[in-house]
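Now for the letters of each chain:
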Amino acid sequence: MKEFFRTHRDLLGLIGVLCAAFLIMWGCNPTRFVTLNNLRSMAFQLPEIGILTLGMMVAMLHGGINLSIVGLANLTGITIALVLHAILPQGARGEAGSWLMLVAAAAGFFVSLLVGFLQGVLIGYAGVSAILATLGTMTLVNGVCVLITHGSTLSSFPDSILFLGNGSLGPVPVPLLLFLFCAAVLSIILRRTTFGFGLYMLGTNQEATKFAGINNRVILLRVYLLSSVLASIAGLVMMGRFNSVKADYGQSYLLITVLAAVLGGTSASGGYGKVLGAVLAVVMLQIIASGLNLLGVDPFFAIATWGAILLVVMALNHFLRARA
Amino acid sequence: MSEPPAAQAQDVFLRLEKISKRYGGVTALDQVSCSIRKGEIHCLAGENGSGKSTLIKIISGVEHPDSGSIFFDGQTPRHLDSTESINRGVQVIYQDLSLFANLTVAENIALPRVLARKAIALRWSEIQRRAADALKRIRLEIDLQETVGNLSLAQQQLVAICRALSGDVKLLIMDEPTTALTRKEVDILFSVVLDLQRKSISILFVSHKLNELFEVAERFTILRDGKWVGTFEQRDLDARKLVTLMTGQEVASDAFWPGLKDREVLLEVRSLSKRNNFKDVSFQLHRGEILGLTGLLGSGRTELALALFGMNRPDSGEILIGGHPAQIHSVQEAVRLGISYVPENRIRQGLVIGQSIGSNIILAMIDRLLNRFRLIDSMQRKQVIQFWIRKLGIKVQDPGLPVETLSGGNQQRVVIARWLATNPKVLILDCPTVGIDVAAKRSVHQLIRELSQTGVGIILITDETGEALNNCERVLLMRSGRFIACLNSAEETEWTIQSRLEKP
Amino acid sequence: MKKLVSRSEFYLFLLILVLGAGFTAANPKFLSLQNILDLLKSYSFFGILSVGALVVLLSGGIDISFTAVAQVAEYVTVAVILQYGGNLFTAFLLSSSIGIVLGLINGLLIHFLQIPPIITTIATLNLYFGCLYVISTGNIIYRVPKFFEDLSGTMLPGGFPMVAVLWIGVVIGTWVILHQTVLGRSIYALGGNLIAAERVGFKVLYIRLFVYGFMGFLSGFGSVVHTALVQSAIPNSIVGHELDVLAAVVLGGANIFGGAGSLAGTFMGVALLAMLGNGLTLIGISSYWNDVVIGIVLLVGVTFSSLQRMYLAGRRAKVVVEEGAL
């Protein structure tokens, strides 16, 4: 426990704000906030943004940003939908063979990885700055999504996909399990692999890692492949939860994931950030959104609150640093 | 030794009284007082971290002191910021030059002047005229419309000097002014300085290179650990006494080290060339040898080192390692072949500032710490870090602390430890003692010698000819991309080498 | 000539010429005066925003929140004028003032809290936009005062649209600021080297306040043009397009890290986006291809300029090698 506090001292502030938000929301909704129903609905809503935030965080760790994650999530969903619809013309409702699902999912992940590969090559090998490379691929990916769907909504998917977005194992929602699984795996990758170690070092000083014989290019390539995989998983969850896919789903999530990652302690200039922080930040944003929702406040008030909280937290950090 | 009462008189331009400044828990300056007379060439000497740069920042108004007062011509400005300081006639030439690479030469020189006039509209003719005048003043010819980013480093330095002189300057502060200049340019600079002095402009040099300062400075103010040690007339000092005052201890000069006698060739280079980098370079490095490589900045010495380290692909020529031809196309390849390189710029290229001491040590060999699941073994990681900290005697409380908490000498040990952990055959050290205080310098030399005894071949690139002579048996001289001589250090003196490096 | 070839604006100009020639060959309507005037009109709002975004990038900052600023300015202005009455002048005055205030808040936060501008402005984007939605409760105002319609219909002799004149006026005004005032050169200097700017005596705070305030001003000013063009005030009609504007500015050769970029380039960046959208439709390619083509152009553009930079850096002479025998 003491060890935990020592290594996570930087997260204590965030945990404090999280607890405060929880207590305030509970206080405002004494009967409705801490109910199984509400907790479950929160647990269904948070994984999409949560997994996308992890994908954003990975890119931010090297000092970059990935503006294409929402586009990639949609692209994955649309590809899977198109493959399923092509093979099962009647609409792919109900049961689908598991091999068919695997083929469709593989296709969805493949196109996403292809884009990630392109980004990695542009950023790692051609020296394009991450914001520009991903701005370009974002436009391209969104364009491709519109092009292949003609802007329409595709819906009705097999139960196995719906299970990923709406299913439960006992009382626990499947998307939440997926989110926690992603977070755990990512945490191990970042803390215990040479890639993760190299990523933190590269994000702090790219020139020094080059001089230390670290292969920066390979690390950057892997960053964007990993970010794409996470975006695709988020795409699966979104697809299952909405039972539909469309080129412009979730566009407002993009900047929220940056906000959540920074709130969770990820540095915008790279090198610092923990998975646990990102998870806590996403949970906090969800608590605020759900609590305000129960109060009957306009959902956009939650968005304003998120912006304000980020500013307040950054301001507090600044003054605490100045005092130290 | 103490401030003479005459300093109170009218001939003092700048007087500092009991200036103190703290950053967080660290005292950078503690009750420092000194004064600079009109038309005086004054030198601010001290080791790294002694508070020199903080003092400059305070004089130039970039930082505000916690306590103490500053008098310009006997007056204290109410609020001293950088504009006020410039208006009072203080100009600083910073070590990093602080130029705007995206603007033209004319704009770089003239904009600050126009700014001081609080002008709103810009008259391009005025910019042009002011800049041309300023260039004429130091007899310099550069295209005024050229973008500064396209100039060579030496030209940029002259532009920075020009900018500082273009205004109504009364005190010119030069922060390590000669680091990037060749001897010839230093001479131009000094002639300008003497010229300024005749116009009763004061000059404050900040430097830790002692020999060149002795030529021009009249008085020395010495700082140590943020405290004022004293202000001395030049005639009361010699180089040895100055070092003692700066370090606070008697320093014996390094004895010559004959090196290990072993004729096994580790590395051989045969007529290596690269356009605009180096030409027709050949040499051999033996096991356990410390080979000196010296030349001025821009002589191609670093470019050659990078070629051996896989970061600068040569056009032609051969590199042989242990007698076998090697193609070194990447740093990874170089490391695999047992070549390692400690870069000159410790802060930007050597260390990952911000990350822990431990992480910096294992950076180059992290892939050797994996367990059978291909994950980093934290036990092993801890042990390796501990091993190297102990082995190189790095003074550290907790390897988890950020590496910038270490002193310069210990930081350099961290970089060296990182490479030793990869078990190299050849270690290239590019100016390993730059910016390190005198005592730490000696211990780095000691470390290099111990390493060579274990059989590592070392190439010691250095600015300071004394360093090469004391540590190396053979010294290669490089000028304009070529080797001009291979000297036996027993037969040379610092002076003979220096003159050969600078000749044409 | 050599200088010209090294500038990205030059290649952009060539691309525009080639595309223009291609589109015209396929459909002569493309080069018709009417088509060009229509494009100028419909892209005037976008063009005004791109000028502001350029100035922010030049100073070494970035602003993501300007769409929300424009959104707030537009909605509040229309709502206030409907309630209390007003004319075109008060509309410009009110929305520009709102824009300036919100922009100054960005500038103050960035300067004093030292948060990276991208993070600050993402936060304020959410803050401004969320607040607007709460105040407006998402209501769309379909009937805007008639003078907005008049503005959009006003033509100079020759059918030149008034809103395009406003855009061109903004470009010229900004050119004067950037090239004929000390402030303008200070913006370039700040974007080139922040630390040096502080040391040499530039007032970084004032420059930042101006830059973000100016972005806010143009967002507010432009939002009146937007209202005129769309004849309504919809609380989510602008937010979401911030990255499109940045894309145009970057296509125009502005350096995302500050210090370099030009108004001519930015104008051409907007022109290129406008041409692609319009030209593809005119030659009979479905508008579904729009973003795909823009994405590809953007990627090729940024990759090309990055490779060019790497090539030039590698070629720069490091050592003057003595040739011949010693």
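Above this text is the structure in question.
Trainee: Got a minute to help me understand the packing of helix α8 (residues 174-192) of chain A against helix α9 (residues 194-204) of chain A in this structure?
Mentor: Axis angle and axis distance: for two packed helices, these are the angle between their axes and the distance between the axes, and together they describe the pair. Residues and elements named next belong to chain A. Here α8 crosses α9 at 70 degrees, and the two axes come no closer than 5 Å. Classified by the angle their axes make, α8 and α9 are roughly perpendicular. Counted together, Ile 189, Leu 190 and Arg 192 of α8 and Thr 194, Phe 195, Gly 196, Phe 197, Leu 199 and Tyr 200 of α9 form the full contact between these two elements. Here the residues of the contact of α8 with α9 sort into six nonpolar, two polar and one charged.

Trainee: Explain the environment of C:Gly201 to me, please; I cannot follow it from the model alone.
Mentor: Summarising the element assignment, C:Gly201 is placed in the loop between α11 (194-200) and α12 (204-230). If sequence neighbours within four positions are ignored, C:Gly201 has contacts with B:Ser82, B:Thr83, B:Ile86 and B:Leu115.

Trainee: How should I be thinking about the sheet that holds strand β18 (residues 474-479) of chain B in this particular structure?
Mentor: Across a sheet, strands are paired by hydrogen bonds formed along the backbone, either parallel or antiparallel in direction. All names here are of chain B. Strand order across the open sheet formed by six strands is β15-β16-β17-β12-β18-β19, with mixed pairing between neighbours. The strands lining the two open edges of the sheet, one partner per strand, are β15 (339-342) and β19 (482-488). Ignoring which end each strand starts from, the neighbouring axes of this sheet average 20 degrees apart. Where strand β16 (residues 426-430) lies against strand β17 (residues 457-462), five bridges are found, and the strand directions are parallel. Bridge pairing links Asp 430 to Ile 461 in β17. Against the sheet, helix α14 (residues 408-420) touches β15 and β16, its axis set at about 170 degrees to β15.

Trainee: It is not clear to me how unusual backbone geometry should be interpreted in this structure. Could you clarify?
Mentor: Backbone phi values are negative for most residues with the exception of glycine, while trans is the configuration of most peptide bonds. All names here are of chain B. Phi at Leu 97 takes a positive value of approximately 70 degrees, unusual for a residue other than glycine. For Ser 480, which is not a glycine, the phi torsion comes out positive at approximately 50 degrees. Here Ser 480 shows up in the loop between β18 and β19. Owing to a relative accessible area of 19%, Ser 480 belongs among the buried residues under this scheme.

Trainee: Explain the interface of chain A and chain C to me, please; I cannot follow it from the model alone.
Mentor: Many authors give the size of an interface as the accessible area that is lost as the parts come together. Across the boundary between the two partners, chain A contributes 44 residues, which contact 44 residues of chain C. Counting each side, the surface lost to burial between chain A and chain C is near 3,500 Å², with a carbon and sulfur contribution of 85%. Broken down residue by residue, the surface that chain A buries against chain C is led by A:Leu255, A:Phe300 and A:Leu311, which jointly contribute 17%. Counting every contact that joins chain A to chain C gives zero salt bridges. In this assembly, chain A and chain C are joined by six residue pairs in polar contact (both at pLDDT 80 or more).

Trainee: Just to check I follow, could you spell out the pattern of salt bridges for this structure?
Mentor: Where charged atoms from two side chains of opposite charge approach closely, those side chains can pair. Residue and element names in this part refer to chain B. Per the counting criterion, the structure on display carries 22 salt bridges over all chains. The closest approach of N and O atoms between Glu 333 and Arg 336, which form a salt bridge, is 2.8 Å. Placement of the pair is Glu 333 and Arg 336 together in helix α10 (residues 331-336), with a separation of three residues, close to one helical turn. A residue is classified by how much of its surface remains accessible, and Glu 333, at 24% relative accessible area, is partly exposed. Given a relative accessible area of 61%, Arg 336 falls into the exposed group.

How each quantity is defined
- Residues numbered from 1 in each chain as written.
- Chains lettered and ligands numbered in written order.
- Predicted model: local features only at pLDDT ≥ 70, side-chain atom pairs only at ≥ 80, totals over all residues.
- Heavy atoms only, no water.
- Axes fitted to C-alpha atoms, helices over the stretch in contact; angles between N-to-C directions.
- Helix = DSSP H or I, 4+ residues; strand = E, 2+ residues; numbered from the N terminus.
- Parallel < 35°, antiparallel > 145°, perpendicular 65-115°, else oblique.
- Contact = heavy atoms within 4.5 Å.
- Nonpolar A, V, L, I, M, F, W, Y, C, P; charged D, E, K, R; others polar.
- Pairing = 2+ DSSP bridges.
- Buried < 20%, exposed > 50% of the residue type's maximum accessible area, 1.4 Å probe, protein only.
- Buried area = accessible area lost by both parts, 1.4 Å probe.
- Salt bridge = Lys/Arg side-chain N within 4 Å of Asp/Glu carboxyl O.
- Polar contact = N/O pair within 3.5 Å; in protein donor to acceptor, adjacent residues only side chain to side chain.

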